[in-house]
Amino acid sequence: MNVITNYPPTAELQALDSAHHLHPFSHANALAESKPRVITSAKGVWLKDSDGHEIIDGMAGLWCVNIGYGRDELAEVAARQMKELPFYNTFFKTTHIPAIMLAKKLAELAPGDLNQVFFANGGSDANDTNIRLVRTYWAEKGEPQRDVIISRWNAYHGSTIGGASLGGMKGMHGQGGLPIPGIEFIDQPHWWAEGGDMTPEEFGLERARQLEAKIKEIGPERVAAFIAEPIQGAGGVIVPPETYWPEIQRIVKKYDILLIADEVICGFGRTGNWFGSQTVGISPDIMTIAKGLSSGYIPIGGSIVSDRVAEVLRDTEFNHGYTYSGHPVACAVALENLRIIEEEGMIENVRDVTAPYLREKWEALADHPLVGEAKIVGMMASLALTPDKSTRAVFAAETGTAGFICRDRCFANNIIMRSVGDRMIISPPLSITCDEIDILIARARKSLDEAYEKLKADDLLKAG
Ligand SMILES: *Cc1c(COP(=O)(O)O)cnc(C)c1O
């Protein structure tokens, strides 16, 4: 590995970072004080920082480095494509080979009649495309009043104006005047936090039927689409009860509403199939893709569209596109990434070997005094931290206090686990081995032990 070692000392880098770099989803002054870790290189599932720590990356970067770090093939393909054709647009009666080949490959991999691809640069702008796409679809079908999109509270669909409007994060809506008009929300299928006295099965049905109630409230003739992540990621790796998705599928079919599966995290092997829709057994009309599409080596995203939708859309001029839609270098890198996933049998290995192994170890963490539920699907998993698992209690302290304490212990123990409120989540590279899973679990358990001790010492183990 070519490692750049002639960088300035860590403190100097941190000072420069805090002087000039505004970080996403961060409180800049607090970050400057706590000092960001400077990540300098990575290989497989291991990160290295500027102080020489070796950190196991339980989050695959940001849910995206599915094949693991350090795959030179992708760098070589990018270099070759840059020399051959670094850029050309696809707007004005031109196309190029990487975009053609990637679209063809995605049509092959995607289930059912999802056969046509509109490219974007990431997941947020792909969801912006989806808003315009479904509204244009209905307008072209002579039903322009069908412009309402139903989403879910605590969903994450990106950070652009459109993406953040579709998402159900109230903290995001609170900044910048969101959501845009025409987006409606129903509650999430989060049994642990919101299920009350219902069984998970009853609760799954209740939450799915909120969709039907919302459609009736708005008027079925006004609803264009329902968007959801097959398994909520950024909201806290929330695995819906088994009853949820079949009921949602029944409802969207009954009212002829387009189903958009946001596969940005669930896609490309994360759940043990190519797409999360296959894992939860749904047939979407549109899939949003990004992240694992290129394993994060280069930005690219898109929308895979069914024949039914494409047929209507193809009959008009769609006044929409990004300069870098189908960027040749990004497409070439994504193709190489998909080749590696496919030829190395990464998804089969996840499904048959590493995910079952991780499941066993992860579910055993539910024995920990701080852990309520331990949920896992494929290579995405979560733990609910609680002061009292028998009542599914929340902490008396402000939400996120326990999560942050645990995350800080993870940092200290050289494991990246993220906290979402008081849930701890992982989404490691699909390339993680069973030996590495052992290390990840040992460090996670040690961090939970230390967080428990700290919460006890600070008198924070009280239920709220
Ligand atoms: C990350 C994410 C997005 C946004 O993707 P960006 O590439 O950050 O724009 C959209 N949807 C889901 C489900 C995501 O996890």
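Residues numbered from 1 in each chain as written. Predicted model: local features only at pLDDT ≥ 70, side-chain atom pairs only at ≥ 80, totals over all residues. Heavy atoms only, no water.

Read from one edge to the other, the open sheet built from four strands follows the order S11-S12-S15-S14, with strand pairing classed as antiparallel. The sheet terminates laterally at strand S11 (371-377) and strand S14 (418-420), the two strands that pair on one side only. Strand-to-strand twist of the sheet, defined as the mean angle between neighbouring strand axes without regard to direction, takes the value 25 degrees. Bridge count for S14 against strand S15 (residues 423-426) is three bridges, and the pairing is antiparallel. What sits directly across from Ser-419, in S15, is Met-424. Contacting strand S12 (380-385), S14 and S15, helix H16 (residues 401-412) crosses the sheet at an angle of about 40 degrees to S15. (Pairing = 2+ DSSP bridges. Helix = DSSP H or I, 4+ residues; strand = E, 2+ residues; numbered from the N terminus. Axes fitted to C-alpha atoms, helices over the stretch in contact; angles between N-to-C directions. Contact = heavy atoms within 4.5 Å.)

Ranked by internal contacts, the top residues of the largest apolar core, which has 69 residues, are Leu-106 and Phe-226. Here this core gets eight residues from one element, more than from any other, and that element is helix H14 (residues 328-343). What Leu-106 contacts, discounting residues up to four positions off in sequence, is Val-117, Phe-119, Phe-268, Ile-289, Leu-293, Ile-304 and Leu-338. Of all hydrophobic cores here, the second largest spans 33 residues; its members include Val-45, Phe-395, Cys-410 and Leu-440. (Core = buried A, V, L, I, M, F, W, Y, C linked by side-chain atoms within 4.5 Å. Buried < 20%, exposed > 50% of the residue type's maximum accessible area, 1.4 Å probe, protein only.)

Let's shift gears to unusual backbone geometry. For the peptide bond that leads from Leu-178 to Pro-179, omega is -5 degrees, which places it in the cis range. Following the sequence through the fold, Pro-179 ends up in the loop between helix H8 (170-173) and strand S6 (183-186). Within the chain, Ala-60 stands out as a residue other than glycine whose phi angle is a positive 45 degrees. Secondary-structure assignment places Ala-60 in helix H3 (residues 60-63). For Ala-60, a relative accessible area of 0% translates into the label buried.

With that out of the way, let us pick up a nonpolar patch on the surface. Residues Phe-87, Tyr-88 and Tyr-324 make up a contiguous nonpolar surface patch of about 300 Å² in total accessible area. By the element assignment, Tyr-88 lies in the loop between helix H4 (72-84) and helix H5 (97-109). Taking relative accessible area as the criterion, Tyr-88 reaches 40% and is therefore assigned partly exposed. (Patch = residues over 30% accessible without salt bridge, like charges linked within 9 Å, V, L, I, M, F, W, Y side chains within 5 Å. Areas by Shrake-Rupley, 256 points an atom, 1.4 Å probe, with all protein chains shown as cover. Salt bridge = Lys/Arg side-chain N within 4 Å of Asp/Glu carboxyl O.)

Take the packing of helix H10 (residues 200-218) against helix H11 (residues 244-254) next. Helix-helix packing is characterised by the crossing angle of the two axes and by the distance between the axes. Where H10 meets H11, the closest approach of the two axes is 8 Å, and the angle between their N-to-C directions is 15 degrees. Judged by the angle between their axes, H10 and H11 are roughly parallel. For the crossing formed where H10 meets H11, the hand is right-handed. Every residue of H11 that contacts H10 at Gly-204, Leu-205, Arg-207, Ala-208, Arg-209, Leu-211, Glu-212 and Ile-215 is listed here: Tyr-244, Glu-247, Ile-248, Arg-250, Ile-251, Val-252 and Lys-254. (Parallel < 35°, antiparallel > 145°, perpendicular 65-115°, else oblique. Left-handed = near helix turned anticlockwise from the far one by under 90°.)

Attention now moves to the pairing of strand S8 (residues 258-262). A large share of S8 lies buried, amounting to five of its five residues. Going residue by residue along S8, you find Leu-258, Ile-260 and Asp-262 tucked away on one face and Leu-259 and Ala-261 tucked away on the opposite face as well. Where strand S7 (residues 223-228) and S8 come together, four bridges link them in parallel fashion. Within S8, the residue paired with Ala-228 across the bridge is Ala-261.

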